[in-house]
Amino acid sequence: MAKNMNSVGLFLAISLIGCLITLSHQETAPCALKKYNTGLVCVCNSHYCDYLDDPTPSEEFVFAAVSSSKAGLRFATTHGQFNLYKKYYIFDHDQLLGRSMQAPAGGSAQIEVDREKRWQKTQGFTGSISDSIEHILQNFPKTLQKHIYQSFFTELGIGVDFMRNLGSGVGEHYLKNSNAIFGSWERGEQFAHALLQNLEKDPNERINCNTLLDQEHGDAPMIANTTNHNEVYKQPLFYTMGHFTKFIAGGSVRIAADNKNPDVDALAFLKPDNSVVVVILNRNSFSVDVGIQDTYRGAVLFKIPPKSIHTVLYV
Ligand SMILES: *[C@@H]1O[C@H](CO)[C@@H](O)[C@H](O)[C@H]1NC(C)=O
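Cut-offs applied
Residues numbered from 1 in each chain as written. Predicted model: local features only at pLDDT ≥ 70, side-chain atom pairs only at ≥ 80, totals over all residues. Heavy atoms only, no water. Core = buried A, V, L, I, M, F, W, Y, C linked by side-chain atoms within 4.5 Å. Buried < 20%, exposed > 50% of the residue type's maximum accessible area, 1.4 Å probe, protein only. Helix = DSSP H or I, 4+ residues; strand = E, 2+ residues; numbered from the N terminus. Domains from an automatic or database assignment. Contact = heavy atoms within 4.5 Å. Polar contact = N/O pair within 3.5 Å; in protein donor to acceptor, adjacent residues only side chain to side chain. Pairing = 2+ DSSP bridges. Axes fitted to C-alpha atoms, helices over the stretch in contact; angles between N-to-C directions. Phe/Tyr/Trp six-rings, centres within 6.5 Å; stacked < 30°, edge-to-face > 60°. Lys NZ or Arg CZ within 6 Å of the ring centre and 35° of its normal. Near = heavy atom within 4 Å. Areas by Shrake-Rupley, 256 points an atom, 1.4 Å probe, with all protein chains shown as cover. Nonpolar A, V, L, I, M, F, W, Y, C, P; charged D, E, K, R; others polar.

Colleague: So what's going on with the nonpolar core? Which residues, and what values?
Modeller: Core analysis: the biggest nonpolar cluster contains 46 residues, and Phe 152, Leu 212, Val 232 and Phe 244 have the highest contact counts within it. If one sorts the elements of this core by residue count, helix 6 (residues 185–201) sits on top with six residues. The two domains that each donate at least three residues to this core are domain 1 (7–42 + 55–117 + 261–314) and domain 2 (121–235). With sequence-adjacent residues up to four places away left out, Val 232 is seen in contact with Cys 42, Val 43, Cys 44, Phe 140, Leu 144, Ile 148, Leu 212, Met 222, Ile 223 and Ala 224.

Colleague: Can you lay out the side chain of Asn 284 for me, pointing to particular residues and giving the numbers?
Modeller: Here Asn 284 lies in the loop between strand 14 (276–282) and strand 15 (287–294). Residue class for Asn 284 comes out buried when judged on its relative accessible area of 9%. Engagement of the side chain of Asn 284 in a polar contact is seen with the side chain of Asn 282, the distance being 2.9 Å.

Colleague: Give me the lowdown on the sheet that holds strand 11 (residues 232–234), citing residues and values where you can.
Modeller: Sheet architecture is open: five strands sit in the order 1-2-11-10-9, paired in mixed fashion. Of all the strands in the sheet, just strand 1 (33–36) and strand 9 (212–214) have a single pairing partner and so form its edges. On average, adjacent strands in this sheet sit at an angle of 35 degrees to one another, irrespective of strand direction. As paired elements, strand 2 (residues 39–44) and strand 11 share three bridges and run antiparallel to each other. By the bridge assignment for strand 11, Cys 42 is matched with Lys 234. The strands touched by helix 7 (residues 236–245) are strand 2, strand 10 (222–224) and strand 11; relative to strand 11, the strand with the most contacts, the crossing angle is about 50 degrees.

Colleague: Kindly report on the packing of aromatic side chains, identifying the contributing residues and their values.
Modeller: Summed over the entire model, instances satisfying the criterion amount to 15 aromatic pairs. Centre to centre, the rings of Phe 238 and Tyr 239 are 4.9 Å apart; their planes meet at 75 degrees, and the pair counts as edge-to-face. Across the pair, Tyr 239 and Phe 238 agree in class, each one buried. The ring of Trp 119 is capped by Arg 254, whose NZ or CZ atom sits 4.2 Å from the centre of that ring. One cation-aromatic arrangement involves Arg 297 over Phe 61; the distance from NZ or CZ to the ring centre is 4.9 Å.

Colleague: Outline the pairing of strand 13 (residues 264–270), supporting the account with residue identities and numerical values.
Modeller: Counting buried positions over the seven residues of strand 13 gives seven, a clear majority of the element. Judged by which residues are buried, strand 13 turns out to be covered on both faces: Val 264, Ala 266, Ala 268 and Leu 270 on one side and Asp 265, Leu 267 and Phe 269 on the other are all buried. In this sheet, strand 13 lies alongside strand 12 (residues 253–258) in antiparallel orientation, the contact comprising three bridges. Bridging across to strand 13, Val 253 finds its partner in Leu 270. Counting the residues that bridge the hairpin from strand 12 to strand 13 gives five residues. Relative to strand 14, strand 13 is paired through seven bridges, and the arrangement is antiparallel.

Colleague: Help me get a handle on the site of the ligand, residues and values and all.
Modeller: Contacts to the ligand come from Lys 34, Tyr 36, Phe 182, Gln 215, Asn 225, Asn 228 and Tyr 233. Lys 34 has a polar side-chain atom sitting 2.9 Å from an oxygen atom of the ligand. Between the ligand and the protein, one listed contact pairs an oxygen atom with a side-chain N or O atom of Tyr 233 at 3.0 Å. Summarising the interface, the protein chains cover 57% of the accessible area of the ligand, which totals 360 Å² for the free molecule. A per-class count over the shell around the ligand returns three nonpolar, three polar and one charged.

Colleague: Tell me about the sheet that holds strand 15, and name the residues and values.
Modeller: One open sheet accounts for 10 strands, arranged 4-3-17-14-13-12-6-15-16-5; its pairing is mixed. Every interior strand has two partners, whereas the edge strands, strand 4 (76–81) and strand 5 (87–89), have only one. Taken pair by pair, the neighbouring strands of this sheet meet at an average axis angle of 25 degrees, ignoring direction. Two elements, strand 15 and strand 16 (residues 298–304), share seven bridges in a ladder whose sense is antiparallel. Paired with Asp 294 across the bridge in strand 16 is Gly 298. Relative to strand 13, helix 6 is tilted by about 55 degrees, and along the sheet it contacts strand 3 (62–69), strand 12, strand 13, strand 14 and strand 17 (308–314).

Colleague: Residue-level account of unusual backbone geometry, with values.
Modeller: Its identity is not glycine, yet Tyr 85 carries a phi of approximately 50 degrees, on the positive side. Tracing the backbone shows Tyr 85 in the loop between strand 4 and strand 5. Classification of Tyr 85 as exposed rests on a relative accessible area of 82%. Backbone geometry places Lys 307, a non-glycine residue, at a positive phi of 45 degrees. The residue Lys 307 is located in the loop between strand 16 and strand 17 in this model.

Pasting the structure below:
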């Protein structure tokens with residue numbers, strides 16, 4: 001795909017090729033959570049940043065589920081198998097810490113995945129770097145600049161394709177000119193919900209928002225601390241976006257993922273390597289039993305926490 005790099009992007013890309021090589025040994029590292037009254041973010045600084053190696057299994061009948069939630073899961077991975085007649089509990093972050101009881105349960109959804117029913121191909125997701133990012137970044141340590149770039153534009157991060165001058169797309173209308181709300185799950189959820197609905201109509205829906213802003217200039221997947229110049233906060237939006245961009249490669253085809261529960265959104269794609277990606281969004285404030293019934297692989301059942309998003313991967 002032709003990429004339309006401008007000078008800022010080109011500068012970043014070239015100056016970061018070195019880092020991609022030096023950091024290529026980097027592997028999965030969990031989110032460093034930070035709590036605000038308004039929610040939870042993941043902190044990156046020049047010494048640390050969270051990453052996730054693509055956990056797509058290569059064996060048949062095996063799945064990996066990647067989960068994020070309002071309560072603090074950020075790309076948490078669960079592995080398991082189809083047809084074991086057991087329920088996979090995706091425990092929420094506060095449950096894992098022993099700080100909360102089981103969330104109230106209610107509802108269920110059954111997702112019928114059929115890779116023989118196909119729609120159009122996607123081109124993948126593109127994101128832009130605005131000119132303001134260069135201005136923000138120049139006062140940040142080089143290693144943190146690299147983490148920012150790597151987090152957004154590489155496969156260890158959320159794998160957005162770099163592009164300049166996007167037209168309109170999901171994200172633009174409500175993120176621009178809105179103050180940064182630290183850790184707002186609702187914004188991330190709204191974005192994922194809108195994207196799920198739009199992708200159903202048009203698989204080439206674009207994501208259009210700034211990659212990084214300082215907190216005075218609006219909301220974005222990443223917010224830079226322009227007071228200490230050594231911290232960047234990954235908003236929930238970064239992860240809810242990543243549940244799509246990281247896993248649905250360009251050239252993927254949307255396949256049927258029928259589901260009758262209107263409060264649980266589901267969408268499935270078949271990747272060019274013939275692996276399946278199912279994205280599931282639970283907007284309810286209670287946990288939900290979700291079954292996937294795949295025409296090739298059979299059945300798997302999950303209990304997913306309130307206010308959470310999941311990407312289920314299998315071949
Ligand atoms: C930015 O850094 C300053 C100085 O370390 C700190 O006081 C402030 O809380 C940070 N801002 C955010 C949004 O965390």
